[in-house]
6 protein chains.
Amino acid sequence: MRPSGRAPDEMRAIDIQTGFTKHAEGSVLVSFGDTRVLVTASIEDRTPPWLRGKNSGWVTAEYSMLPRATHTRGIREAAKGKQSGRTQEIQRLIGRSLRSIINLEKLGERQITVDCDVIQADGGTRTASISGAWVALRLAVNKLMADGAIKEDPIEAKIAAISCGIYQGTPVLDLDYIEDSSADADANFVLIEGGRIAEVQATAEGATYDEEGLLRLLRLAQIGCNQIFAAQEAAVK
Amino acid sequence: MRPSGRAPDEMRAIDIQTGFTKHAEGSVLVSFGDTRVLVTASIEDRTPPWLRGKNSGWVTAEYSMLPRATHTRGIREAAKGKQSGRTQEIQRLIGRSLRSIINLEKLGERQITVDCDVIQADGGTRTASISGAWVALRLAVNKLMADGAIKEDPIEAKIAAISCGIYQGTPVLDLDYIEDSSADADANFVLIEGGRIAEVQATAEGATYDEEGLLRLLRLAQIGCNQIFAAQEAAVK
Amino acid sequence: MRPSGRAPDEMRAIDIQTGFTKHAEGSVLVSFGDTRVLVTASIEDRTPPWLRGKNSGWVTAEYSMLPRATHTRGIREAAKGKQSGRTQEIQRLIGRSLRSIINLEKLGERQITVDCDVIQADGGTRTASISGAWVALRLAVNKLMADGAIKEDPIEAKIAAISCGIYQGTPVLDLDYIEDSSADADANFVLIEGGRIAEVQATAEGATYDEEGLLRLLRLAQIGCNQIFAAQEAAVK
Amino acid sequence: MRPSGRAPDEMRAIDIQTGFTKHAEGSVLVSFGDTRVLVTASIEDRTPPWLRGKNSGWVTAEYSMLPRATHTRGIREAAKGKQSGRTQEIQRLIGRSLRSIINLEKLGERQITVDCDVIQADGGTRTASISGAWVALRLAVNKLMADGAIKEDPIEAKIAAISCGIYQGTPVLDLDYIEDSSADADANFVLIEGGRIAEVQATAEGATYDEEGLLRLLRLAQIGCNQIFAAQEAAVK
Amino acid sequence: MRPSGRAPDEMRAIDIQTGFTKHAEGSVLVSFGDTRVLVTASIEDRTPPWLRGKNSGWVTAEYSMLPRATHTRGIREAAKGKQSGRTQEIQRLIGRSLRSIINLEKLGERQITVDCDVIQADGGTRTASISGAWVALRLAVNKLMADGAIKEDPIEAKIAAISCGIYQGTPVLDLDYIEDSSADADANFVLIEGGRIAEVQATAEGATYDEEGLLRLLRLAQIGCNQIFAAQEAAVK
Amino acid sequence: MRPSGRAPDEMRAIDIQTGFTKHAEGSVLVSFGDTRVLVTASIEDRTPPWLRGKNSGWVTAEYSMLPRATHTRGIREAAKGKQSGRTQEIQRLIGRSLRSIINLEKLGERQITVDCDVIQADGGTRTASISGAWVALRLAVNKLMADGAIKEDPIEAKIAAISCGIYQGTPVLDLDYIEDSSADADANFVLIEGGRIAEVQATAEGATYDEEGLLRLLRLAQIGCNQIFAAQEAAVK
């Protein structure tokens, strides 16, 4: 039995509140149960140095946890003077995921920076970030299209992410913090609408699994992502 | 006329939402009009090295703006690798203000860290932070008292802060961003319930004022802080 | 009674020695009693990036304490790898103060950097820095005018600063280190010749004061700054 | 056709030279074709602060590329003052992988740090690092056992890693630099002797793949890792 | 008697293996006994900002020890976030030495960066680095000349370096680690073929010496450098 | 002819003003012509971690140039966030020099930190620092002996330093800035009273010299240091 009483293939409640802040071109407060992430998409008329004059845009992401998003207060990275390896790993993952579903030439010579700031953490902050980031990106691109700055839609598909794991021997979907802390194996899947895989990050520090186990986790992820795609669709309507 | 149509001594709407996040011992989302700050108070059973064994607690504060709290995206301080002079100045001000109304001996050998993260900025983020911080601190101390960890209440008074300025020749209360950008002079007052002054930070980069001008701003601040004290009282009830 | 035997409204001896070093366009060793600060003003033919092509100059300041300016040796900020919040707060204050009395358009597209290095500290280092900085700036601008690089004098007034505080219940002028360490309240005033206020930074960590107290400190500051204006006048003659 | 002329399931030549340097408890120069990594395992009689007194050892890893390991010179991370996100991601992966096959209690209260310094890069540096790291770790642990410092062998299995990808539509094993630069998808597998999976990191920035594609890459990885296990066995004999 | 059994004026075995790595324009693994340094010379078509448009090239050097090059593991400088004073001192010495024998105008507007990474340390790593660096530089310049990028040879002479010291009262040549640790005085000489001195760095922390002692060390260094010049000549043939 | 009109073996005027600041246990303003360095020696009752419990004291040094000590303003190292290689090299030299003439066991378990802050630079700042540092150290140790904290004098000899160089073909003593900028070779000698050598740092970036040249520079240095020893003796009287 899962601590939350959920069925193995049962997601937590998903909530995607658009327009949570007013300045960003795209702004979303995304919740997966008690995990809440504020995601903003900011458009700037510049691209990184290595893309100048190459007729291409850029999408990148930054990620942070507020110090007391967690059970015990963490040290603020700005105070420590550097971002942790974990933070950098996550923000690289979010950026790569978004770039896998956007046509950067169609975006034009501009950069969209997606900021994911975790307000409250209860497991799955990186996957909630990616799932919310797609909505913020969609809203920002909609604005560019409404303003006539872009002719053709550069977004090619929806993308979503979810964590799965083996908890007390059973593959389960959408781990919360308690499950995550004691899971035997933990895998994050980033999936594209239509059944394709963008990223798999499967780790087994405490235990290991075989080919069959990996497949069972992937299939749970597909169930979860289909629900996220529906929530994204509803949010941008 | 003020851009917002407010009277010179009229505050923006104040909203203090307690329990906004679940992990912190005190958690508040404070709004002054469109300025919104998430404030959490975190209790830890340790004190800074210089206080060890001195039978005293400590209260400190950290402040940060989310990158897209503002009209244009700012660079994340964690990515730059250091906190700006402005950030440090503000968090030192918040900490000093809170320490002026708490008895650190009565707090006992523990530290309360107040994190002020600006979700959306429209002027007056440091004063909203202080005003909200008192509520978060109050809630955290209430918890310590309810748990029996503290016998006597260490909080001696309410504290609140507001900015005033001279806008197009007229002293006005609670500057929003538009006013703040073009004000001739700008002063932040931190006041203690009962008419006492904890801090004055009055700056005139564009213009200057005399003793009479300073007094008029101080009196506006007293009007404003009285309203904040009432909102704080209502919030912790 | 003050530890130094001074009357409540009595300043320490002020000494402003010009030309203390030979390379800087303006160079001053300023003393307020045992507090001694070496201030240099350096002219460079460049402005910060955000002012390029805007037909405006810039004045900025940096502040530092030599490690053994104080009773016990402090860690060198260059060795620690960062400037403290206190240092940044002070150098921002010095720069703002100087910019409040100089016309940056008349200065032309050049930057003047004022370096304030505290050789020996006995209270009031930031206010001594501002008071000395005006002289160094005046000397550097005189040089520009003598060289024909500037036609109209960009300096619009004298500026000076002094600290006041409430020491054992009595408002006193120009706190030295012993007074500063045990004062109930401490306020730094930056005043412009002619009775106008540029900055007030009044802090009460240990105690608080009311409107009347603030006014009494301000009036002491006016007495002190008038003496500083006279010393500045004599120094640049 | 692969640029190197290899068959899709053909590895590059593996070479594992033990004892390459004399000071480290375990030292290996591992080559996969032109990719060469110097791996050392260093034993220290201390553990990280969070493990003190918990009767457990620790294994961690660091990774670096020499500046001219690559086609064009990269900036030295020590000169830049920080490790890149990529470096941190890789060294976290190496450490996690090694910890998945070692019993930290049996290791005792000591730390083994595995340093992977890439002398020459031609694709697959992180997987070569993991594969070589197992040998260096094995040699260091053998030394502890020979010295009588450890009674029971803490290493529970062999571990190896290999990259696979989809190159011009075909799944291929052990990507070299040319293939890696233009592969449609790229996956790193860390496998444990006996068919279990420790880690999967599959990324598709340019393209995507489905469940079937992921399985085909995993099966290639199993072929490759079996050859690495044999080479590891030969090296430690 | 020297711990190694060498005569006072006897060098360790010198080995210079060219082409150790394939990407760098010049690549050398240089050994003085058990001290082994990988030296690469990298050509880039850019010069430092202060040389732009001055019709001159630049030669610079970087130096690093792999963490386990030494008896006990050192902390990686990239992980610490800064290069030690010792590292900076050594890399400045290597760069100055190379610049003393190259005509930067003849090199043309390009930079050669020489990276010296110590694989294994047994005393004399800085002098081995300089001696090997000349060979790497020579190979890189040969490549530029073979490609027709340079017409006239910019290298004016060979340069080599060796350490000497007073060990148990006797001046000895080419100190190894054991001797270096307990030598009374330690001097590094950088000599140019033909008897000229480029640098002397003679230090006596434990003891001191007089003019006669300095001369005796210099004469030993001349003996040693002549052998290094011969090894350099053989290596580039 | 030297630009200053001095004879080749003629020093600049030496001035050593003791007690320049009041807090430090030893304080000196040392001048060699227009080069002026403020040197303080600070005693602390602690030693570095690696010396704890070893019954030994420590002497270390820090060095800095005030930003406008030079012709053009340099960037403040505290603002840059790190000390330059040159700064570290110099402060390591000063510390080593002082440790070569002090018996650290006799000093007892305490640390003396010597801070050398260059107020005005005109060549020879590191050698002026060492020469002044001995006086500051002597004064601080005298204080320890007068207080009865130390029984036996730990200082074993005087130490002084001077730069020499080959200027337009002629060996000259005590280079000023103009000579230093265009000298063919530049050597800093640290000498101990009685004719012994503590350090030689001889560099020839533009030119080179031979054994004879080195000896001539050394002999000039001996002339110079004898004058410095006399000035040190007079200063501490």
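Whatever comes next refers back to the structure up there.
A brief structural summary. Residue positions within a chain follow its written sequence, with the count starting from 1. A letter from A marks each chain and a number from 1 marks each ligand, given out in the order of writing. It should be noted that, the model being predicted, local features are given only for residues of pLDDT at least 70 and side-chain atom pairs only at 80 or more, the latter also being counted only at that level, while totals for whole chains, interfaces and linings use all residues. As a rule here, side-chain values cover all heavy atoms of the structure and leave hydrogens and water aside.

1. A short note on the interface of chain B and chain A
Contact residues are listed per partner, giving 39 residues for chain B and 39 residues for chain A. Reported buried area values correspond to the accessible surface (1.4 Å probe) lost by two parts on association, with both partners' losses combined. Here chain B meets chain A over a buried area of about 3,000 Å², counting both sides, of which 49% is carbon and sulfur. Summed over the three residues of chain B that lose the most area to chain A, namely His23, Arg68 and Arg73 of chain B, the buried surface amounts to 25% of that side. Whenever Lys or Arg places a side-chain nitrogen within 4 Å of a carboxyl oxygen from Asp or Glu, that contact is recorded as a salt bridge. Joining chain B to chain A, the criterion identifies 14 salt bridges. Put simply, Glu62 of chain A and Arg73 of chain B hold a salt bridge, and the shortest N to O gap is 3.2 Å. Two N or O atoms count as a polar contact when they lie within 3.5 Å, although within protein this holds only if one can serve as hydrogen donor and the other as acceptor, and sequence-adjacent residues are included solely when both atoms are side-chain atoms. At the boundary of chain B and chain A, one finds 26 residue pairs in polar contact (both at pLDDT 80 or more). Going along the chain from the N terminus, every DSSP run of H or I of four or more residues is numbered as a helix, and every run of E of two or more is numbered as a strand. A per-element tally of the side of chain B that touches chain A places strand β3 (residues 35–44) of chain B first, with seven residues. Put simply, Ala, Val, Leu, Ile, Met, Phe, Trp, Tyr, Cys and Pro go in the nonpolar bin, Asp, Glu, Lys and Arg in the charged bin, and everything else, Gly too, in the polar bin. When the residues that make up the side of chain B that touches chain A are grouped by side-chain class, the tally is 14 nonpolar, eleven polar and 14 charged. A contact between two residues is defined here by any heavy atoms of the two lying within 4.5 Å.

2. What to know about the pattern of salt bridges
Within this structure, the stated rule accounts for 144 salt bridges over all chains. A salt bridge links Arg76 of chain D to Glu62 of chain E, with the shortest nitrogen-to-oxygen separation between them at 2.8 Å. Within this pair, whereas Arg76 of chain D is found in the loop between β4 (58–65) and α1 (77–80), its partner Glu62 of chain E is found in strand β4 (residues 58–65), the two belonging to separate chains. Both residues of the pair, Arg76 of chain D and Glu62 of chain E, count as buried. When salt bridges with common partners are traced through the structure, they connect Arg2, Arg6, Arg12, Asp122, Asp174, Asp176 and Glu179 of chain A into a single cluster. Only protein chains enter the accessibility calculation, which uses a 1.4 Å probe; a residue is then buried when its area is under 20% of its type maximum, exposed when over 50%, and partly exposed in between.

3. Overview of the sheet that holds strand β2 (residues 26–32) of chain D
All names here are of chain D. Being paired, for any two strands, means DSSP has found at least two bridges between them. With mixed pairing, five strands are arranged side by side in an open sheet as β1-β2-β3-β5-β4. Bordering the open sheet on either side are β1 (14–18) and β4, each of which pairs with just one other strand. Strand-to-strand twist in this sheet, taken as the mean axis angle between neighbours without regard to direction, amounts to 20 degrees. Bridge count for strand β3 (residues 35–44) against strand β5 (residues 111–120) is nine bridges, and the pairing is antiparallel. In the sheet register, Leu38 faces β5, and the bridge partner there is Asp117. Across the sheet, helix α2 (residues 85–99) lies against β4 and β5, angled at about 145 degrees from β4, the strand it touches most. Here helix α6 (residues 211–236) sits on the sheet in contact with β1 and β2, set at roughly 25 degrees to β1. Axis lines are fitted through C-alpha atoms, for helices just across the contact stretch, and the angle between N-to-C directions can take any value from 0 to 180 degrees.

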